Amino acid sequence: GQQVMQIPQYQHVQEGEDFTTYCNSSTTLSNIQWYKQRPGGHPVFLIQLVKSGEVKKQKRLTFQFGEAKKNSSLHITATQTTDVGTYFCAAGGGADGLTFGKGTHLIIQP
Amino acid sequence: DGGITQSPKYLFRKEGQNVTLSCEQNLNHDAMYWYRQDPGQGLRLIYYSQIVNDFQKGDIAEGYSVSREKKESFPLTVTSAQKNPTAFYLCASSRLDSRTDTQYFGPGTRLTVL
């Protein structure tokens, strides 16, 4: 199946600073999905990217899919305490399920 | 979320016992999945099912078993053969649609082996 590497594993930021997590694959991905898991909670779908070079925004969150469809990023502008959690990228899907990255844990210091 | 329920929320098991985790969905999704999450780690696929009475092994199926007798239900049994079963277990479901592969997760079951 498709493998995805996600970095960094942990990211500490001051509230108000920006945050970025990166997802990389050695193979071309058909699509990439992003999920957020709050502490003690379960993953919740954020977005799916399908097209080469695609950029989507959700308020302070910006998602990008690389031109070669081998990498993706999630950028949060001016982090807030509500952004705390683990952000996962996931590839594949369809009948065989998703392959998740190990996630980036976002820790925000007030 | 929303249409997937898992029970129990917390489960304690003695070594050598089999336990069954429940997962029910009312989203009319064809596909259902079981993942395992260890502290600070990502999700690893245990089993998945695309249709009733059919299921496939995921990456870490050893020591686990499943059944899919109804579209709405996909219970997972953690057997005594699973060497390190303490983990957070997540059930998910999705439509089998190539354009929309979003997975919807249940609240999870935290299993602790005593």
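Predicted, not measured: the structure shown is a model, and the values here were computed from it.

Analysis parameters
Residues numbered from 1 in each chain as written. Chains lettered and ligands numbered in written order. Predicted model: local features only at pLDDT ≥ 70, side-chain atom pairs only at ≥ 80, totals over all residues. Heavy atoms only, no water. Helix = DSSP H or I, 4+ residues; strand = E, 2+ residues; numbered from the N terminus. Rg over C-alpha atoms; globule rule 2.2 N^0.38 Å. Buried < 20%, exposed > 50% of the residue type's maximum accessible area, 1.4 Å probe, protein only. Pairing = 2+ DSSP bridges. Axes fitted to C-alpha atoms, helices over the stretch in contact; angles between N-to-C directions. Disulfide = S-S within 2.5 Å. Contact = heavy atoms within 4.5 Å. Polar contact = N/O pair within 3.5 Å; in protein donor to acceptor, adjacent residues only side chain to side chain.

The number of helices and strands found in chain A is zero helices and eleven strands. If you list the helices and strands of chain A from N to C, you get β-β-β-β-β-β-β-β-β-β-β. Expected size for 110 residues packed as a compact globule is a radius of gyration near 13 Å; at 13 Å, chain A falls within 12% of this value. If one aligns the C-alpha atoms of chain A with their principal axes, the spans along those axes are about 40 × 30 × 20 Å. Counting the 110 residues in chain A, one finds 50% classified as buried.

Residue and element names in this part refer to chain A. The strand order across the open sheet built from five strands is β1-β3-β8-β7-β6, with neighbouring strands paired in antiparallel fashion. With one partner strand each, in any of the chains shown, β1 (5–7) and β6 (55–58) form the two edges of the open sheet. The sheet shows a mean angle of 15° between the axes of neighbouring strands, direction not considered. In this structure, β6 lies alongside strand β7 (residues 61–65), joined through four bridges in antiparallel fashion. Paired with valine 55 across the strands is glutamine 64, a residue of β7.

On to the state of the cysteines. Taken as a whole and judged by the stated rule, the model has two disulfides over all chains. Each sulfur in the disulfide pair cysteine 23 of chain A and cysteine 89 of chain A lies 2.0 Å from the other. Where cysteine 23 of chain A bonds to cysteine 89 of chain A through sulfur, the torsion about that S-S bond is close to 70°, and the disulfide is right-handed. Residue cysteine 23 of chain A is located in strand β3 (residues 19–24), and its partner cysteine 89 of chain A is located in strand β9 (residues 85–92); the two are separated by 66 residues in the primary sequence. The residues cysteine 23 of chain A and cysteine 89 of chain A share a single accessibility class, namely buried. Covalently, cysteine 23 of chain B is tied to cysteine 91 of chain B through a disulfide, its sulfur atoms 1.9 Å apart.

Mapped onto the fold, threonine 102 of chain B is located in the loop between β9 (87–94) and β10 (104–105). Threonine 102 of chain B gets classed as buried once you look at its relative accessible area, which sits at 6%. Residues in contact with threonine 102 of chain B, not counting those within four places in the same chain, are Gln33, Tyr35 and Phe45 of chain A together with Ser93 and Ser94 of chain B.

In this section: the side chain of threonine 77 of chain B. Residue and element names in this part refer to chain B. Along the chain, the position of threonine 77 falls in strand β8 (residues 76–78). Note on threonine 77: relative accessible area 19%, which makes it buried. In terms of polar contacts, threonine 77 uses its side chain to reach the side chain of threonine 20, at 3.0 Å. Filtering out sequence-adjacent residues up to four positions away, threonine 77 remains in contact with Asn18, Val19, Thr20, Gly63, Tyr64 and Ser65.

All names here are of chain A. Counting buried positions along β9 gives eight out of eight residues, so the element sits mostly inside the fold. Here strand β4 (residues 32–37) pairs with β9 via six bridges, running antiparallel. Across the sheet, tryptophan 34 pairs through a bridge with cysteine 89, a residue of β9. Pairing analysis gives three bridges linking β9 to strand β11 (residues 104–109), with the strands arranged antiparallel. Bridge pairing links tyrosine 87 to threonine 104 in β11. Relative to strand β10 (residues 98–100), β9 runs antiparallel, the two sharing three bridges. For alanine 91, the partnering residue across the bridge sits in β10 and is threonine 99.

Any functional reading would require information that these geometric values do not contain.
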